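Residues per chain are reported as follows:
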Amino acid sequence: MPKAIPPRQPISDTLDGAIVGIGGLHALTPRAFAPDTALLSALLTLRYAVRFLGKPHLSIVPELVAVDYGDMFVGEEAWDFILNKSNLYPRAEVFGHLNSGQDEMMYVKHLDLVQPIEVLVYAKPADTVPAGRPIALIAPEAATATLPPRLLQHLPRFATLADWQDSF
């Protein structure tokens, strides 16, 4: 008897934060450090996307992974499989939403696990279209203890907005 398909479940974190923009680029910051000019300030949902091989402007937020031999993974198990075991199963299928919000299926062999993971910010947990695609985190060292570890792992951190601006 075939296994039941589990409901899709992307990994996600939440942050009481804000999206700030400079010159068309976005950064993420805890709300306590957000300037008045923030583009969005709310309890934000953060998701993590894997970039496409040869098309780094495209990425997919994994929600379900179907492996050749019938196993299916969601959430943390799917994330762990993609990052640590997917090279053994290049035909495994990854179902999720693109960074544009479009529903998509992609084979693992078409994902580029060497490229940095893309952090996507959503205004509401049910959203599939991101409100922002930050390339930096603005937070002083003292604030990092309260931030999601995965966020700290995948976004470069700057202590202040001015420090981030100076990096351009």
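The text that follows walks through the structure, step by step, so that each part is easy to find.

A short note on the environment of Asp-163
Next up, step 1: Summarising the element assignment, Asp-163 is placed in helix H3 (residues 161–166).
Next up, step 2: Taking relative accessible area as the criterion, Asp-163 reaches 35% and is therefore assigned partly exposed.
Next up, step 3: Each C-alpha atom, one on Asp-163 and one on Ile-138, is 8.7 Å from the other, the two residues being 25 residues apart in sequence.

A closer look at the pairing of strand S7 (residues 103–107)
Next up, step 1: Taken together, the five bridges between strand S6 (residues 93–98) and S7 define a ladder with antiparallel strand orientation. Each bridged residue has a counterpart across the sheet, and for Phe-95 the counterpart in S7 is Met-105.
Next up, step 2: Between S6 and S7, which pair antiparallel in sequence order, lie four residues; one of them, Gly-101, sits at a positive phi of approximately 100°.

Thoughts on the pairing of strand S1 (residues 12–22)
Next up, step 1: Strand direction decides the pairing type here: S1 and strand S3 (residues 40–52), joined by eight bridges, are antiparallel. Paired with Asp-16 across the bridge in S3 is Leu-43.
Next up, step 2: Of the pairings in the sheet, the one linking S1 to strand S2 (residues 25–30) comprises six bridges and is antiparallel in character. Opposite Ile-22, over in S2, you have Leu-25 as the bridge partner.
Next up, step 3: If you look at the hairpin formed by S1 and S2, you'll find two residues sitting between the two strands, and Gly-23 has a positive phi there, around 55°.

A look at the pattern of salt bridges
Next up, step 1: Applying the stated criterion across every chain, the model contains nine salt bridges.
Next up, step 2: The residue Arg-8 makes a salt bridge to Asp-103 at a minimum N-O spacing of 2.6 Å. Taken together, the residues span a long stretch of sequence, with Arg-8 in the segment before S1 and Asp-103 in strand S7 at a distance of 95 residues.
Next up, step 3: For Arg-8, a relative accessible area of 34% puts it in the partly exposed group.
Next up, step 4: Using a relative accessible area of 44% as the deciding quantity, one classes Asp-103 as partly exposed.
Next up, step 5: Counted as one network, the salt bridges with shared partners bring together Arg-8, Glu-63 and Asp-103.

Looking at the packing of aromatic side chains
Next up, step 1: On inspection of all chains with the given rule, the structure shows five aromatic pairs.
Next up, step 2: Their ring planes at 55° and their centres at 6.4 Å tell us that Tyr-48 and Trp-79 sit as a pair that is tilted. With Tyr-48 in strand S3 and Trp-79 in helix H1 (residues 75–84), this pair connects stretches of sequence that are 31 residues apart. The pair formed by Tyr-48 and Trp-79 is uniform in burial state, with each residue classed as buried.
Next up, step 3: Aromatic ring contacts, followed pair by pair, group Tyr-69, Phe-73, Phe-81 and Tyr-89 into a single cluster.
Next up, step 4: The aromatic ring of Tyr-122 is capped on one face by Arg-47, whose charged end is 4.4 Å from the ring centroid.
Next up, step 5: Positioned above the aromatic ring of Tyr-107 is the side chain of Lys-109, whose terminal nitrogen or guanidinium carbon lies 5.9 Å from the ring centre.

Each value, and the rule that gives it
- Here the residue index of a chain counts from 1 through its sequence in written order.
- In keeping with the predicted nature of the model, local features appear solely for residues at pLDDT of at least 70, side-chain atom pairs appear and are counted solely at 80 or more, and the whole-chain, interface and lining totals rest on all residues.
- Note: side-chain values were computed over all heavy atoms of the structure, leaving out hydrogens and water.
- Helix and strand definitions follow DSSP, with helices as H or I runs of at least four residues and strands as E runs of at least two, each counted in order from the N terminus.
- Note on exposure labels: buried denotes an accessible area under 20% of the residue type's maximum, exposed denotes more than 50%, and partly exposed covers the range between, all computed with a 1.4 Å probe on protein chains only.
- For two strands to count as paired, DSSP must find a minimum of two bridges between them.
- By definition, a salt bridge exists where a carboxyl oxygen of Asp or Glu is found within 4 Å of a side-chain nitrogen of Lys or Arg.
- Stacked, tilted and edge-to-face are the three classes applied to pairs of Phe, Tyr and Trp rings, where Trp contributes its six-membered ring and a pair requires centres within 6.5 Å; stacked means planes under 30 degrees apart, edge-to-face means over 60, and tilted covers the rest.
- Geometrically, a charge over a ring is one whose NZ (Lys) or CZ (Arg) sits within 6 Å of the ring centre while staying within 35 degrees of the ring normal.

Just geometry here; none of it tells us what the structure is for.
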